[in-house]
Amino acid sequence: MTNLATPNNHNIVALQMCSGLNADDNIAELKKALNTLPASRPLLVCLPEAFLVFSKSGHDTLSTAKHIEQYKRQISQLCKHHNIWLNAGTIPEPYNNTKYYAASHLYNNQGECVATYNKIHLFDVNVDDKTGSYRESDFTQAGSDVVVVESPFGKLGLTVCYDLRFSALFTALARKGAEVILVPSAFTMVTGQAHWQPLLAARAIETQCYVVAAAQYGTHENGRQTYGHSIIISPWGNTLSNLPSGTGFISAKADLEPLQKIRRDMPVQSHQRFREHLL
Ligand SMILES: O=C(O)CNC(=O)[C@H](CS)NC(=O)CCC(=O)C(=O)O
């Protein structure tokens, strides 16, 4: 595990993981990683999509969804124990007997779940890799609500992975006041190499938000290969920290003063001429 030296004013961490099939094993990995956290508080820790379970099939993820409360209790206790805010990447939340939401919860440092975003755009895509065909909507119910939540780190906008390709969602988040946008992800190696970094940079620049993307990396027990490259980008589009490969942390300071100056100097939201077409 890579642990980069962390200046003690850093307030945001993104954890890169290589999650496996078994939820208990993935929680054990998470616990180990949290024991090496930087000491600064308040601290927001961001986890990747599917950190709890990265299955071979939606059937297996659905069985984890049926026992999700025990895992949520553990996640909540970890937040209290470490005195951290946590974006719990995604976990499967039951929708009905055959589908779950890809739910991205935000926990505060008391262990309370203070916001939930359900992934809106589902990855029903053919990719030129070993997996070939991704049909996320077979088992995942799409969400519909745009979520921005107050926090000690600014107003957080929640998205997940494939959502990154849909700028209208990011514009909607910006219009709801988002200052820091989280993009927990499990990008494929092939599409990540082609599109990951430029899409994230564009979203940061166009929304004038910090963008924090915690990613899955490596070859997983389910046979999939993910791109990694967890990254924290400033509202000016600068990369503040990144981790191309392996597992471990990156961290940065999300400072709202430079963000406000960027928005004063270049008020793109108020220059927007297509407002009536937007959410
Ligand atoms: O299936 C799970 O268990 C966890 N979820 C994922 O891995 C999701 C849905 S298949 N992956 C993506 O959205 C990749 C997007 C992507 O790679 C792109 O937009 O290019």
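Residues numbered from 1 in each chain as written. Predicted model: local features only at pLDDT ≥ 70, side-chain atom pairs only at ≥ 80, totals over all residues.

- An unreviewed UniProt entry annotates the protein as Carbon-nitrogen hydrolase family protein of Pseudoalteromonas marina.

## So, the overall build of the protein
- When you go through the protein residue by residue, the secondary structure sums to 7 helices and 19 strands.
- Rg of the C-alpha trace for the protein: 17 Å, near the compact-globule value of 19 Å for 279 residues, within the 12% margin.
- If you line up the protein on its principal axes, its C-alpha atoms span 50 × 40 × 30 Å.
- Within the protein, the fraction of its 279 residues that count as buried is 44%.
- Relative to all contacts within the protein whose residues are 6 or more apart in sequence, the contacts with residues 24 or more apart total 72%. (Helix = DSSP H or I, 4+ residues; strand = E, 2+ residues; numbered from the N terminus. Rg over C-alpha atoms; globule rule 2.2 N^0.38 Å. Buried ≥ 20, exposed ≤ 12 C-beta atoms within 10 Å, placed from the backbone. Contact = placed C-beta atoms within 7 Å.)

## Describing the packing of helix H4 (residues 167–175) against helix H5 (residues 189–207)
- Between H4 and H5, the shortest axis-to-axis distance is 10 Å and the interhelical angle comes to 35°. Once H4 is placed against H5, the crossing between them reads as right-handed. Judged by residue contacts, Ser167, Phe170, Leu173 and Ala174 of H4 engage Arg203, Glu206 and Thr207 from H5.
- Classifying every residue of the contact of H4 with H5 by side-chain character gives 3 nonpolar, 2 polar and 2 charged. (Axes fitted to C-alpha atoms, helices over the stretch in contact; angles between N-to-C directions. Left-handed = near helix turned anticlockwise from the far one by under 90°. Nonpolar A, V, L, I, M, F, W, Y, C, P; charged D, E, K, R; others polar.)

## Describing helix H3 (residues 68–82)
- Taking 1.5 Å per residue, 15 residues should reach 21 Å; H3 reaches 21 Å between its end C-alpha atoms and fits that length.
- Restricting attention to buried positions, one finds in H3 the residues Tyr71, Ile75 and Cys79. Down the axis of H3, the sector holding all buried residues measures 85°, keeping them to one side. H3 presents Glu69, Gln70, Arg73, Gln77 and His81 as exposed residues on the side facing more than 90 degrees away from its buried surface.
- Buried residues belonging to H3 abut helix H1 (23–34), strand S4 (85–87), strand S5 (91–94) and strand S6 (100–107).
- Remark: Asn83 follows H3 within two positions and exhibits a positive phi of approximately 55°. (Expected span 1.5 Å × (residues − 1). Arc of directions from axis to C-beta.)

## Description of the site of the ligand
- By nearness alone, 15 residues border the ligand, and Ala50, Phe123, Tyr162, Ala186 and Thr191 come closest of all.
- Counted by class, the shell around the ligand contains 8 nonpolar, 4 polar and 3 charged residues. (Near = placed C-beta within 6 Å.)

## Description of unusual backbone geometry
- Here the residue pair Arg41 and Pro42 is connected by a cis peptide bond, since its omega of 5° sits within 30 degrees of zero.
- Residue His229 is not a glycine yet carries a positive backbone phi of 60°.
- Note on His229: 20 C-beta atoms within 10 Å, which makes it buried.

## So, the UniProt feature "domain: CN hydrolase" (unreviewed entry) in the protein
- When the UniProt feature table is mapped onto this chain numbering, "domain: CN hydrolase" (unreviewed entry) sits at residues 8–256.
- The distance from the first to the last C-alpha atom of residues 8–256 is 17 Å, and the span holds 26% helix and 28% strand. (UniProt positions renumbered as here; feature names shortened; annotations may be inferred.)

## Quick word on H5
- For H5, with 19 residues, the first-to-last C-alpha span of 26 Å sits near the 27 Å given by 1.5 Å per residue.
- Three or more residues of H5 are buried, namely Gly192, Trp196, Leu199, Leu200, Arg203, Ala204 and Thr207.
- Close packing links the buried residues of H5 with H4, strand S13 (180–182), strand S14 (210–213), strand S16 (225–227) and strand S17 (230–233).
- One or two positions beyond H5, positive phi appears at Gln208, with a value near 55°.

## Section: the environment of His121
- Note on placement: His121 falls in the loop between strand S7 (113–118) and strand S8 (124–126).
- Sequence spacing of His121 and Ile232 is 111 residues, and the spatial spacing of their C-alpha atoms is 22 Å.
- Setting aside residues no more than four positions away along its own chain, His121 makes contact with Tyr162, Asp163 and Phe166.

## Thoughts on the packing of H1 against H3
- Between H1 and H3, whose axes approach to 12 Å, the crossing angle comes to 5°. With respect to their mutual orientation, H1 and H3 come out roughly parallel. Contacts from Ala23, Ile27, Lys31 and Leu34 of H1 reach H3 at Tyr71, Gln74, Leu78 and His82.
- Looking at the contact of H1 with H3 residue by residue, the class counts come to 5 nonpolar, 2 polar and 1 charged. (Parallel < 35°, antiparallel > 145°, perpendicular 65-115°, else oblique.)

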